[in-house]
Amino acid sequence: MAVADKSLIARRFNRAFVSYDQQAQVQRIMNDKLIDLLSPLGQLRFQHILEVGCGTGLLTRRLLAHIEAERWTINDLCNMEKWIANLFPMANYCFCCGDAEEIRFSEKFDLIASGATVQWFEQPERFLKKCVKCLTDNGLILLSSFAPSTLYEIKSITNIGLNYPMLEDWRKWLDRDFDILHLDQQHICINFQSPIAVLKHLKQTGVTGVRQEYWGKHQLQQFIQQYQQKYTTRYGEVHLTYSPIFILARKRTIYEG
């Protein structure tokens, strides 16, 4: 398995962002789940929110519809500001373009949210430590990522895929500095008419940023044949699996007295 090529991610997402919202049904389900996790806390008003990896603003819209904040800092690897600006008529936001693993955020936030982004990070454990430094006392993180079984159909045929952390990795990393309010893993299986439709879906959501790969006609035919042999449903479709991980945690504050 490979690590993400962030320059490739940026290029492919830039090409895919027009089709992303239509194709990203799994990400929409994941965003709804994140909002559902926040709601029972009764804490729907914040001073300053950081969203990491806003993309076309799918999670941004859901957050704006359900919570209030005096200020927002919105981040993405790609320059998505023209997409995001229309969501903030009060202009109470700033857009920060760049790699969230490398950016130095100088301000403090009482909520850091990210939908389906941290799986691209080279060092997610280090990112959590960064969150600790950026959060106010008792600040929250609200994240979704993916587990290793995500897109296992593609990996089994091509041997191409990301090194996704396991659920227990996240638990271990979080336990050091956070009180875990929610941590679980789910499985979402979606069906497509053909293996070609699967490839089109992946291309149109920009989630193929592992390495540059060119297939000839023979390789493509082999992929189609193997996918149909292994993953055809009883109704003649083929399936693709996502295994999202959901995280809600509060920064642990140690009082000395």
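Because the structure is predicted, anything quoted here is derived from the model rather than measured. Numbers given for residues are sequential positions, taken from 1 along each chain in its written order. Under the rules for a predicted model, residues below a pLDDT of 70 receive no local features and side-chain atom pairs below 80 are neither given nor counted, while totals for whole chains, interfaces and linings still include all residues. Where side-chain values are given, they derive from all heavy atoms of the structure, hydrogens and water being excluded.

Colleague: How should I be thinking about the overall build of the protein in this particular structure?
Modeller: Summing up its helical and strand segments, the protein has nine helices and nine strands in all. Residues counted as buried form 53% of the 257 residues belonging to the protein. Look at the contacts in the protein between residues 6 or more apart in sequence, and 76% of them connect residues 24 or more apart. A run of DSSP states H or I qualifies as a helix once it reaches four residues; a run of E qualifies as a strand once it reaches two. Both are numbered from the N-terminal end. Any residue under 20% of the maximum accessible area for its type is buried, any over 50% is exposed, and the rest in between are partly exposed; the area is computed with a 1.4 Å probe on protein chains only. Contacts: residue pairs with any heavy atoms within 4.5 Å of one another.

Colleague: I would appreciate a short explanation of the packing of helix 2 (residues 25-38) against helix 3 (residues 58-66) in the present structure.
Modeller: The packing of two helices is summarised by the inter-axis angle and the distance between the axes. For the pair helix 2 and helix 3, interaxial distance at closest approach is 10 Å and the crossing angle is 30°. Our classification of the angle between helix 2 and helix 3 gives roughly parallel. Taken as a pair, helix 2 and helix 3 cross one another with a handedness that is right-handed. Residue-level contacts link R28, N31, D32, L34 and I35 of helix 2 to L58, L59, R62, L63 and H66 of helix 3. Ten residue types, Ala, Val, Leu, Ile, Met, Phe, Trp, Tyr, Cys and Pro, are classed as nonpolar, four, Asp, Glu, Lys and Arg, as charged, and the remainder, Gly among them, as polar. Classifying every residue of the contact of helix 2 with helix 3 gives five nonpolar, two polar and three charged. Only the stretch in contact is used when a helix axis is fitted, and all axes are lines through C-alpha atoms; the angle between N-to-C directions ranges over 0 to 180 degrees. Oblique is the label for any angle not under 35 degrees, not over 145, and not in the 65 to 115 range, which are roughly parallel, roughly antiparallel and roughly perpendicular in turn. Handedness of each helix crossing follows the sense of rotation of the near helix against the far helix: counterclockwise by less than a right angle gives left-handed, clockwise gives right-handed.

Colleague: How should I be thinking about the packing of helix 5 (residues 124-134) against helix 7 (residues 167-175) in this particular structure?
Modeller: In the contact formed by helix 5 and helix 7, the axes pass within 10 Å of each other and the chain directions differ by 30°. Here helix 5 lies roughly parallel to helix 7, going by the angle between them. Pair helix 5 / helix 7 crosses with right-handed handedness. Only W170, W173 and L174 of helix 7 make contact with helix 5, whose side of the interface consists of P124, E125 and L128. In terms of residue class, the contact of helix 5 with helix 7 is built from five nonpolar, no polar and one charged.

Colleague: Just checking my understanding: could you explain the pattern of salt bridges for this structure?
Modeller: Any Lys or Arg side-chain nitrogen located within 4 Å of an Asp or Glu carboxyl oxygen qualifies as a salt bridge. What the rule picks out here adds up to seven salt bridges. The salt bridge partner of E107 is R71, with a shortest N-O separation of 2.5 Å. Placement of E107 in the loop between strand 3 (93-97) and strand 4 (109-114) and of R71 in strand 2 (residues 68-76) is noted, with a sequence separation of 36 residues between them. Here E107 falls in the partly exposed class, since its relative accessible area comes to 34%. Note on R71: relative accessible area 42%, which makes it partly exposed.

Colleague: What should I look at first to understand the packing of aromatic side chains in this one?
Modeller: One pair of aromatic rings is described through two measures. These are the centre distance and the angle between the planes. Note on aromatic contacts: the rings of Phe and Tyr and the six-membered ring of Trp form a pair at centre separations within 6.5 Å, being stacked when their planes are under 30 degrees apart, edge-to-face when over 60 apart, and tilted otherwise. Summed over the entire model, instances satisfying the criterion amount to 10 aromatic pairs. Ring centres of Y152 and Y231 lie 5.8 Å apart, and the angle between their planes is 85°; this geometry places the pair in the edge-to-face category. Residue Y152 is located in helix 6 (residues 152-158), and its partner Y231 is located in helix 9 (residues 217-231); the two are separated by 79 residues in the primary sequence. Residue class for Y152 comes out partly exposed when judged on its relative accessible area of 34%. Through successive ring pairs, a cluster of aromatic residues spans Y152, F223, Y227 and Y231. In this scheme, Lys NZ or Arg CZ marks a charge over a ring once it lies within 6 Å of the ring centre and within 35 degrees of the ring normal. Over the ring of F246 we find K33; its NZ or CZ atom is 5.7 Å from the centre of that ring.

Colleague: I keep staring at the pairing of strand 8 (residues 238-242) and nothing clicks. Help me out?
Modeller: Counting buried positions along strand 8 gives five out of five residues, so the element sits mostly inside the fold. Of the two faces of strand 8, the one lined by V238, L240 and Y242 and the one lined by H239 and T241 are each fully buried. Pairing between strand 7 (residues 188-192) and strand 8: five bridges, direction antiparallel. Within strand 8, the position partnered with C189 by the bridge is T241. Only when DSSP finds a minimum of two bridges between them are two strands counted as paired.

Colleague: Explanation requested: the sheet that holds strand 1 (residues 45-51) in the structure shown.
Modeller: Taken in spatial order, the seven strands line up as 3-2-1-4-5-9-6 in an open sheet, and their pairing is mixed. Taken across any chain shown, the strands that pair with only one partner, and hence form the sheet edges, are strand 3 and strand 6 (178-185). In this sheet, adjacent strand axes meet at a mean angle of 15° when their direction is disregarded. Where strand 4 lies against strand 5 (residues 135-146), five bridges are found, and the strand directions are parallel.

Colleague: Which parts of the structure should I look at to understand the environment of K230?
Modeller: Checked against the element boundaries, K230 lands in helix 9. Exposure remark for K230: the relative accessible area of 45% places this residue in the partly exposed category. Once the C-alpha coordinates of K230 and I157 are considered, the two residues, 73 residues apart in sequence, prove to be 9.3 Å apart. In this view, K230 contacts S156 and I157; residues no more than four positions away in its chain are not counted.

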